[in-house]
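Take a look at the letters that make up each chain.
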Amino acid sequence: MTAWHDLPTDIHVHIQPWEMMHPKTFATIRKGREDYPLIERMMKDPAVLVDHLDEVGLGRVGLINYVAPEIMGFTHEVNAWVGNYRDRAPGRVLAFGGVHPPACADVREEMKRVVSDYRLDAIKIHPPHQALSPDAYRDGSCPELAVVYEACQAAKLPIMFHTGTSIFPGARSRLGQALVLDDVAVDFPELRMILAHGGRPLWMEEAFFLARRHPHLYIDVSGMPPKNLLEYFPRLEDIAHKALWGTDWPSPGVKSLAAQLAAFRELPISAAAKDQILRQNALQLFPVNRS
Ligand SMILES: [Zn+2]
């Protein structure tokens, strides 16, 4: 029998407290989802998620939560929520939380809670949904972002940035540009960074460049139809050691975890590259014994 830690990690799955979402946002994500009853059960019960992972042959999933009160509805309460959820699915869930400086009374204290109390596995920053540029610490408009990066760097907590566009009402897609993260990687050279969606559909070349340039900067391949992945990243194999498997399920247009995985396995790239992307890179970034 294959142990779960020999199976792929899907680093980008959105099981979140959806009841926090604004009605318009909820309508966007709920629309056309035949599997919504399953998602609803998963939100309430981690055992349902674990059963599903066993069914589709996944070892672990990164549960992406972040804080974006104005545009999405998510508050800092997601941090306790996702930490608690992860504790009820030992080993199988990587808990991603968030911080939104404009809505946070004390960013330093929140980061202490994230690291020491909730013991989250990673942080997610969503510039288009937080209406905040990831380099806003540089011009002094949001110095607290540097506090977040320093705390993540010190605790070796990976930080994921949404890169690319977003179709949610009110999202500021301009802020999803990838190249701005070059500054963050230069200023915080030990920070483990993941560029979600590799900048798709407008900034893939920037994301590819950054993954090659910075030793601790990765991309995830979520939010793109896997069968078209080589159109987005023709030289995917050149960054196979810096790319992480992810689906973005159940975001709009992402049908199922199993179908995405099957389509990725069909790609005409080497088995070694697939293994790095599906399994090895995530094991390196998120060692099994840590969770
Ligand atoms: Zn996502």
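Look up: the structure comes first, before these words.
Residues numbered from 1 in each chain as written. Predicted model: local features only at pLDDT ≥ 70, side-chain atom pairs only at ≥ 80, totals over all residues.

**Overview of the environment of Pro 17**
Move 1: By the element assignment, Pro 17 lies in the loop between strand E1 (9–13) and helix H1 (23–30).
Move 2: Given 17 C-beta atoms within a 10 Å radius, Pro 17 is considered partly exposed.
Move 3: The spacing of Pro 17 and Asp 135 is 118 residues in sequence and 28 Å in space, taken between C-alpha atoms.
Move 4: If near-sequence neighbours (up to four positions away) are discounted, Pro 17 is found in contact with Met 43, Val 78 and Trp 81. (Helix = DSSP H or I, 4+ residues; strand = E, 2+ residues; numbered from the N terminus. Buried ≥ 20, exposed ≤ 12 C-beta atoms within 10 Å, placed from the backbone. Contact = placed C-beta atoms within 7 Å.)

**A word on the nonpolar core**
Move 1: Counting 82 residues, the largest nonpolar core has Leu 63, Phe 96, Ile 123, Ile 159, Met 193 and Leu 195 as the members making the most contacts within it.
Move 2: Ignoring any residue separated from it by four or fewer positions in sequence, one finds Ile 159 in contact with Ala 122, Ile 123, Ile 125, Cys 152, Leu 191, Arg 192 and Met 193. (Core = buried A, V, L, I, M, F, W, Y, C linked by C-beta atoms within 7 Å.)

**Section: the environment of Arg 119**
Move 1: Relative to the helices and strands, Arg 119 resides in the loop between helix H5 (107–117) and strand E4 (122–125).
Move 2: The class of Arg 119 is partly exposed, set by 16 C-beta atoms lying within 10 Å.
Move 3: In this structure, the C-alpha to C-alpha distance between Arg 119 and Gly 97, residues 22 residues apart in sequence, is 10.0 Å.

**Regarding the packing of H5 against helix H7 (residues 144–155)**
Move 1: It is the contact of H5 with H7, at a shortest axis distance of 9 Å, that shows an interaxial angle of 25 degrees. Classified by the angle their axes make, H5 and H7 are roughly parallel. Handedness of the H5/H7 crossing: right-handed. Together, Val 107, Arg 108, Met 111 and Val 115 of H5 and Glu 144, Val 147, Val 148, Ala 151 and Ala 155 of H7 make up the contact between the two elements.
Move 2: Grouping the amino acids of the contact of H5 with H7 by side-chain chemistry returns seven nonpolar, no polar and two charged. (Axes fitted to C-alpha atoms, helices over the stretch in contact; angles between N-to-C directions. Parallel < 35°, antiparallel > 145°, perpendicular 65-115°, else oblique. Left-handed = near helix turned anticlockwise from the far one by under 90°. Nonpolar A, V, L, I, M, F, W, Y, C, P; charged D, E, K, R; others polar.)

**Notes on the sheet that holds strand E3 (residues 93–97)**
Move 1: The eight strands lie next to each other as E1-E2-E3-E4-E5-E6-E7-E8, forming an open sheet whose pairing is parallel. The open sheet terminates on both sides in strands that have one partner only, identified here as E1 and strand E8 (243–244). (Pairing = 2+ DSSP bridges.)

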